[in-house]
Amino acid sequence: MGDGVLVFLTGLFGVFTGMTFLYLSIKITGTAVAALESKRNAREDAGQGEDK
Amino acid sequence: MSALYSLFQTTGLFYVTPGLVVMWIIGLTLIYLAIGKSYEPLLLLPIGFGIILVNLPLAGLMTPHEGLLWKFYEYGLHWEIIPPVIFLGLGALTDFGPLIANPRLIFLGAGAQAGVYITFFAAQAFGFDLKEAATIGIIGGADGPTTIFLASKLAPSLLGVCAVAAYSYMALVPIIQPPVMKFLTTADERRIRMAKGRKVGKLEKTLFPIVSTFVIILLVPASAPLIAMFMLGNLFRESGVVGRLHDTAQNELMNIVTIFLGVPVGATMNAENFLRPQVIFVFCLGLFAFVISTMTGILLAKLMNLFSKNKINPLLGAAGVSAVPMAARVVHKVGMEADKKNYLLMYAMGPNVAGVIGTVIAAGIFLTLLGG
């Protein structure tokens, strides 16, 4: 039963840890992509301004 | 007369026992459920047929090294080929957009896995050893290929019964889950409308399978066979540059491996292996796992609402069991019963696909701790 408790606790902790890391990686990727896209948009806007 | 008797002895009829007849009836019942009731027909039909085949005396289809179905089993399941290939197809079919748009819903996919571990604990109390208890617990994840993958590694003798239990209960999600959902939520909670998620771009969707592969496999290496193929299939989908591979993974390849999955799974269920009291406990514990996973998902959603300004409709927690997309559809239906204009389907797909990842992580942890 002692091993069972260990597997139970490690398992629950492991699943939540895994999902937390995945959550953080989604957040970080989202922020990085948003920053990249806003930079690209700014560059495009600046390019259009120069054309005018 | 004795010549006739000798001839009779060469036929299978001579060796028919009541146990074999019971197994034929079980196989025919599964075929009936698949054809007559459309309960997971893609799996229950070949499983039912496999059960009949392996219980035909003298056919020898599961004779080690010789039988046809033994070869399917050995090289398909024991060699870990088929479940990961199914995951390749699942990845090609999965849209992670709803999850990326609302990432906090990922925790509901984790919450539902608590049922897996609670059932693991309960199975031990019923006398199953650690490996068998883990195999029974994973039924609560409502993910057939993962159940088969784990059973083939930890408890091959329970493979057939656990697979049949998992697929049967997955087919019964619309019957099992709604009473639990209504019991744990108030009508007001079921009416909660979710805040609209942001639009997810192509770059983010393409990066998701790559980043997830790094994160999950670095944390739980034992989950690599399933996660790697799942994310590769998804990368085929989101990259948009390998249309032929994407198409093959989600259609032809998936269909072919489904045939080679169902029949040998059924063929593991011979009379002497299946007709024992333990099997009844496996089915009862499998149902318990499903109910508890649904409950823990909903309760986690309610717990998150205590600390969150943007309330989550707690019904979404029930979609944390995998069973894609059935569990999400059930959430949508129960939500609509409380408020006809509350469309929860897209939101429920988030925890639903998170549940698939959560179940694979749970299986990987079992493998790491209990060994192959």
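Above this text you will find the structure in question.
This structure is a prediction, so every number in the text was calculated from the model and none was measured.

Asks: Explain the overall build of chain A to me, and be specific about the residues and the numbers.
Replies: If you tally the helices and strands in chain A, you get 1 helix and 0 strands. Overall, the C-alpha framework of chain A stretches about 75 × 5 × 5 Å when taken along its three principal axes. A total of 52 residues make up chain A; the buried ones form 15% of that total.

Asks: Requested: an account of the overall build of chain B, with residues and values cited.
Replies: Across its full length, chain B holds 21 helices and 0 strands. Relative to the globule expectation of 21 Å for 372 residues, the C-alpha radius of gyration of chain B, 22 Å, shows essentially globular dimensions. Principal-axis analysis of the C-alpha atoms gives chain B an extent of 85 × 45 × 40 Å. Here chain B holds 372 residues, and the buried ones make up 57% of them. Taking contacts inside chain B between residues at least 6 apart in sequence as the whole, the part at least 24 apart equals 73%.

Asks: Please give an account of the interface of chain B and chain A that cites residues and values.
Replies: The interface of chain B with chain A comprises 32 residues on the first partner and 23 residues on the second. Among the elements of the structure, α7 (106-111), α8 (114-125), α14 (202-219) and α21 (345-370) of chain B are those that each provide at least two residues to the side of chain B that touches chain A. Broken down by element, the residue count for the side of chain B that touches chain A peaks at 9 residues, all from α14 of chain B. A per-class count over the side of chain B that touches chain A returns 25 nonpolar, 6 polar and 1 charged.

Asks: Before we move on, could you go through helix α3 (residues 41-54) of chain B and cite the residues and values that matter?
Replies: Since one α-helical turn is 3.6 residues long, residues separated by three or four positions face the same way. All names here are of chain B. Between the first and last C-alpha of α3 there are 20 Å, a value that for 14 residues agrees with the 20 Å anticipated at 1.5 Å per step. In terms of burial, α3 is a largely internal element, 10 of the 14 residues being buried. Those residues of α3 lying buried are Leu43, Leu44, Leu45, Pro46, Ile47, Gly48, Gly50, Ile51, Ile52 and Val54.

Asks: Tell me about the nonpolar core, residues and numbers included.
Replies: Residue and element names in this part refer to chain B. Ranked by internal contacts, the top residues of the largest apolar core, which has 141 residues, are Cys162, Ala163, Leu316, Ala327 and Val331. Top element by residues in this core is α21. It accounts for 15 residues. Setting aside residues no more than four positions away along its own chain, Ala327 makes contact with Ala142, Val173, Gln177, Ala318, Ala319, Val321 and Asn352.

Asks: Give me the lowdown on the environment of Phe214 of chain B, citing residues and values where you can.
Replies: All names here are of chain B. Here Phe214 lies in helix α14. Look at Phe214 and you get exposed, because 12 C-beta atoms sit within 10 Å. Through-space distance from the C-alpha of Phe214 to that of Ala224 is 9.9 Å; in sequence the pair is 10 residues apart.

Asks: Explain unusual backbone geometry to me, and be specific about the residues and the numbers.
Replies: All names here are of chain B. A cis amide bond links Val324 with the next residue in sequence, Pro325, at an omega value of -10°. Mapped onto the fold, Pro325 is located in the loop between α19 (277-306) and α20 (326-338). Backbone geometry at Glu80 places phi at a positive 60°, although glycine is not the residue there. When you line up the elements, Glu80 lands in the loop between α4 (68-78) and α5 (82-93). Positive phi outside glycine occurs at Ala323, with the angle close to 30°. If you trace the backbone, Ala323 turns up in the loop between α19 and α20.

Asks: Could you give an account of the packing of helix α15 (residues 224-239) of chain B against helix α16 (residues 243-250) of chain B, naming the residues involved and the relevant values?
Replies: All names here are of chain B. For the pair α15 and α16, the least separation of the axes is 8 Å and the interaxial angle reads 135°. The angle between α15 and α16 places the two elements in the oblique class. The crossing of α15 and α16 is left-handed. Residue-level contacts link Gly233, Phe236 and Arg237 of α15 to Leu245, His246 and Ala249 of α16. Looking at the contact of α15 with α16 residue by residue, the class counts come to 3 nonpolar, 2 polar and 1 charged.

Asks: Please set out the packing of helix α12 (residues 173-184) of chain B against α19 of chain B residue by residue, giving values where relevant.
Replies: Residue and element names in this part refer to chain B. The N-to-C vectors of α12 and α19 enclose an angle of 35°; their axes lie 10 Å apart at closest approach. With respect to the hand of their crossing, α12 and α19 are arranged in right-handed fashion. Taken together, the residues of α19 that come into contact with α12 (itself represented by Ile176, Gln177, Val180, Met181 and Leu184) are Phe290, Val291, Thr294, Met295, Ile298 and Leu299. The residue makeup of the contact of α12 with α19, split by class, is 9 nonpolar, 2 polar and no charged.

Reading the values: rules and limits
Residues numbered from 1 in each chain as written. Chains lettered and ligands numbered in written order. Predicted model: local features only at pLDDT ≥ 70, side-chain atom pairs only at ≥ 80, totals over all residues. Helix = DSSP H or I, 4+ residues; strand = E, 2+ residues; numbered from the N terminus. Buried ≥ 20, exposed ≤ 12 C-beta atoms within 10 Å, placed from the backbone. Rg over C-alpha atoms; globule rule 2.2 N^0.38 Å. Contact = placed C-beta atoms within 7 Å. Nonpolar A, V, L, I, M, F, W, Y, C, P; charged D, E, K, R; others polar. Expected span 1.5 Å × (residues − 1). Core = buried A, V, L, I, M, F, W, Y, C linked by C-beta atoms within 7 Å. Axes fitted to C-alpha atoms, helices over the stretch in contact; angles between N-to-C directions. Parallel < 35°, antiparallel > 145°, perpendicular 65-115°, else oblique. Left-handed = near helix turned anticlockwise from the far one by under 90°.

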